[in-house]
Amino acid sequence: MKIGRIPYINCYPVYGAIDRGVVHLDAELIDGVPTDLNRRMASNELDISVVSAVEYARDSERYLLLPDLAISCDGPVRSVMLFSKRPASELTSRNVIVSRSSMTSVALLELLFENVWHSSPRFVPGDAEVRDVIVDSTPDADARLVIGDAALVLGSNHRERYPYVYDLGQTWNDWPGERQA
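Described below are features of the structure shown in this document.

Calculation rules
- Residues numbered from 1 in each chain as written.
- Predicted model: local features only at pLDDT ≥ 70, side-chain atom pairs only at ≥ 80, totals over all residues.
- Heavy atoms only, no water.
- Helix = DSSP H or I, 4+ residues; strand = E, 2+ residues; numbered from the N terminus.
- Buried < 20%, exposed > 50% of the residue type's maximum accessible area, 1.4 Å probe, protein only.
- Contact = heavy atoms within 4.5 Å.
- Areas by Shrake-Rupley, 256 points an atom, 1.4 Å probe, with all protein chains shown as cover.
- Pairing = 2+ DSSP bridges.
- Axes fitted to C-alpha atoms, helices over the stretch in contact; angles between N-to-C directions.
- Phe/Tyr/Trp six-rings, centres within 6.5 Å; stacked < 30°, edge-to-face > 60°.
- Lys NZ or Arg CZ within 6 Å of the ring centre and 35° of its normal.

### A word on the overall build of the protein chain
(1) Moving on: Per the secondary structure count, the protein chain includes 7 helices and 7 strands.
(2) Moving on: Ordered by position from the N terminus, the helices and strands of the protein chain form the series β-α-β-α-α-β-β-α-β-α-β-α-β-α.
(3) Moving on: Within the span of the protein chain, comprising 181 residues, buried residues form 41% of the whole.
(4) Moving on: A fraction of 73% describes how many contacts in the protein chain between residues 6 or more apart in sequence connect residues 24 or more apart.
(5) Moving on: Summed over all atoms, the accessible surface of the protein chain reaches about 10500 Å², with 52% contributed by carbon and sulfur.

### Topic: unusual backbone geometry
(1) Moving on: Positive phi, close to 60°, is recorded for D68, a residue that is not glycine.
(2) Moving on: Note on placement: D68 falls in the loop between α3 (53-58) and β3 (80-84).
(3) Moving on: In the Ramachandran plot, R78 falls in the positive-phi region, its phi being about 65° despite a non-glycine side chain.
(4) Moving on: In this structure, R78 sits in the loop between α3 and β3.

### Observations concerning the sheet that holds strand β4 (residues 95-99)
(1) Moving on: Pairing in this open sheet of 5 strands is mixed, and the strands run β5-β4-β6-β3-β7 from one edge to the other. Every other strand in the sheet has two partners, leaving β5 (122-126) and β7 (164-167) as the edge strands with one partner each. Strand-to-strand, the axes of this sheet are offset by a mean angle of 20°, without reference to chain direction.
(2) Moving on: The pairing of β4 with strand β6 (residues 143-147) spans 2 bridges and is parallel. Its bridge partner being in β6, I97 is matched across the sheet by R144.
(3) Moving on: Contacts between helix α4 (residues 103-115) and the sheet are confined to β3, β4, β5 and β6, with β4 contributing the most and set at about 150° to the helix.

### Regarding the packing of aromatic side chains
(1) Moving on: Under the criterion given, the structure shown has 5 aromatic pairs.
(2) Moving on: Arranged with centres 6.0 Å apart and planes meeting at 50°, the rings of F83 and Y162 form a pair that is tilted. Taken together, the residues span a long stretch of sequence, with F83 in strand β3 and Y162 in the loop between α6 (148-154) and β7 at a distance of 79 residues. Take F83 and Y162: they sit in the same class, and that class is buried.
(3) Moving on: The cationic tip of R5 hangs over the ring face of Y15; the distance from NZ or CZ to the ring centre is 5.3 Å.

What follows is the structure, given as structure tokens:
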């Protein structure tokens, strides 16, 4: 049996007992970012895994959804962040690098730009893991969607480069629009 796992710091508690040998698992753990695990599940390379909300919505008949179990938040999450050189409302027609690691975070960002910040940037797929955000290889981008460890590492430590920082969990929670959380 092959089981997908997200190797981000904030998921360590989920796998901690397995990693420390407290719980024996007669299966192979396969690490991958959310989009990679989605792809592997869709191509039957994994038997069990988390999948993103976007992947589930795309092909819900393929998956068994476990009730009351999710990687979610109700407020600030610190691991799904938009780092920007200017206010989000001023990013129309500007480049925003979006992480290839998470389909759901990109969809959430698009909703927030349209409905909260009323701005229409150009979304440019890019890499946003720790190594990618520490060394900014895309100086023409005004903002960057960063998830997982990279968001936790970047945090508020790079205010000189990105003076505007938005926690997407908090922004979603604060949005007074009619929606289901």
